[in-house]
Number of protein chains: 2
Amino acid sequence: MKTSAIFYHAGCPVCVEAEQSVAQALDPARYEVEIVHLGEQAGRVAEAKSAGVKSVPALVLAGQSFHINFGAGIEALG
Amino acid sequence: MKTSAIFYHAGCPVCVEAEQSVAQALDPARYEVEIVHLGEQAGRVAEAKSAGVKSVPALVLAGQSFHINFGAGIEALG
């Protein structure tokens, strides 16, 4: 079974750059990569917060959150 | 030819966690991953800075820098 990798972003330029570089660089043989735009999927903000996401863009690998650069605080999203 | 992916760290716990998760998650078929411990390889701090690295851990993908979480400011390293 592949490991879950969820990339949360909010459409900001920093986010899109990180998505196109970091998220796309993950090994598709080992990771099931999902891209979540929190601006459009506000219903998933709570899930992101409970995974430890404090800002976007963020990558949650196997439940562990990694913040990449800094685009926007998650508190601004809902 | 594979794309260069250099993961800079300084041995801090935040760095090691990011190395073991994010750096190891990259697709080895497309990326030539190099791990650089700036605490032990101080001669490479200048190279990291010129790639735009401002803190470690950081991942430089094809010359573009991405800061992951925040371990230590690069100015503390030399």
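Everything numeric here is computed off the predicted structure, so don't read it as measured data.

The rules behind these values
Residues numbered from 1 in each chain as written. Chains lettered and ligands numbered in written order. Predicted model: local features only at pLDDT ≥ 70, side-chain atom pairs only at ≥ 80, totals over all residues. Heavy atoms only, no water. Core = buried A, V, L, I, M, F, W, Y, C linked by side-chain atoms within 4.5 Å. Buried < 20%, exposed > 50% of the residue type's maximum accessible area, 1.4 Å probe, protein only. Helix = DSSP H or I, 4+ residues; strand = E, 2+ residues; numbered from the N terminus. Contact = heavy atoms within 4.5 Å. Buried area = accessible area lost by both parts, 1.4 Å probe. Salt bridge = Lys/Arg side-chain N within 4 Å of Asp/Glu carboxyl O. Polar contact = N/O pair within 3.5 Å; in protein donor to acceptor, adjacent residues only side chain to side chain. Least-squares fit on C-alpha atoms with pLDDT ≥ 70 in both.

(A) Focus on the nonpolar core. Formed by 24 residues in total, the largest nonpolar core has its most connected members in Leu61(A) and Leu61(B). Contributing elements (two or more residues each) for this core: strand S1 (3–9), helix H1 (13–25), strand S3 (55–61) and strand S4 (64–73) of chain A together with strand S1 (3–9), helix H1 (13–25), strand S3 (55–61) and strand S4 (64–73) of chain B. Setting aside residues up to four positions removed in sequence, Leu61(B) forms contacts with Ser21(A), Val22(A), Ala25(A), Ser4(B), Ala5(B), Leu26(B), Tyr31(B) and Phe66(B).

(B) Quick look at the interface of chain B and chain A. Between chain B and chain A, the residue contacts involve 18 residues of the former and 18 residues of the latter. Across the chain B/chain A interface, buried area totals approximately 1,500 Å², and carbon plus sulfur atoms make up 52% of it. Contact with chain A buries surface across chain B, with Ala25(B), Phe66(B) and Asn69(B) losing the most and accounting together for 33% of the total. The interface formed by chain B and chain A contains zero salt bridges. Inspection of the chain B/chain A interface yields 12 residue pairs in polar contact (both at pLDDT 80 or more).

(C) Representation of the relation of the copies chain B and chain A. Between chain B and chain A, which share one sequence, the superposing operator has a rotation angle of 180° and an axial displacement of 0.0 Å; the RMSD is 0.0 Å. Read as a symmetry element, the transformation amounts to a two-fold axis. When the interface residues of chain B are mapped onto chain A, 100% of them are again interface residues, pointing to one common binding face.

It is worth stressing that arrangement in space is one thing and function is another; only the former is reported here.
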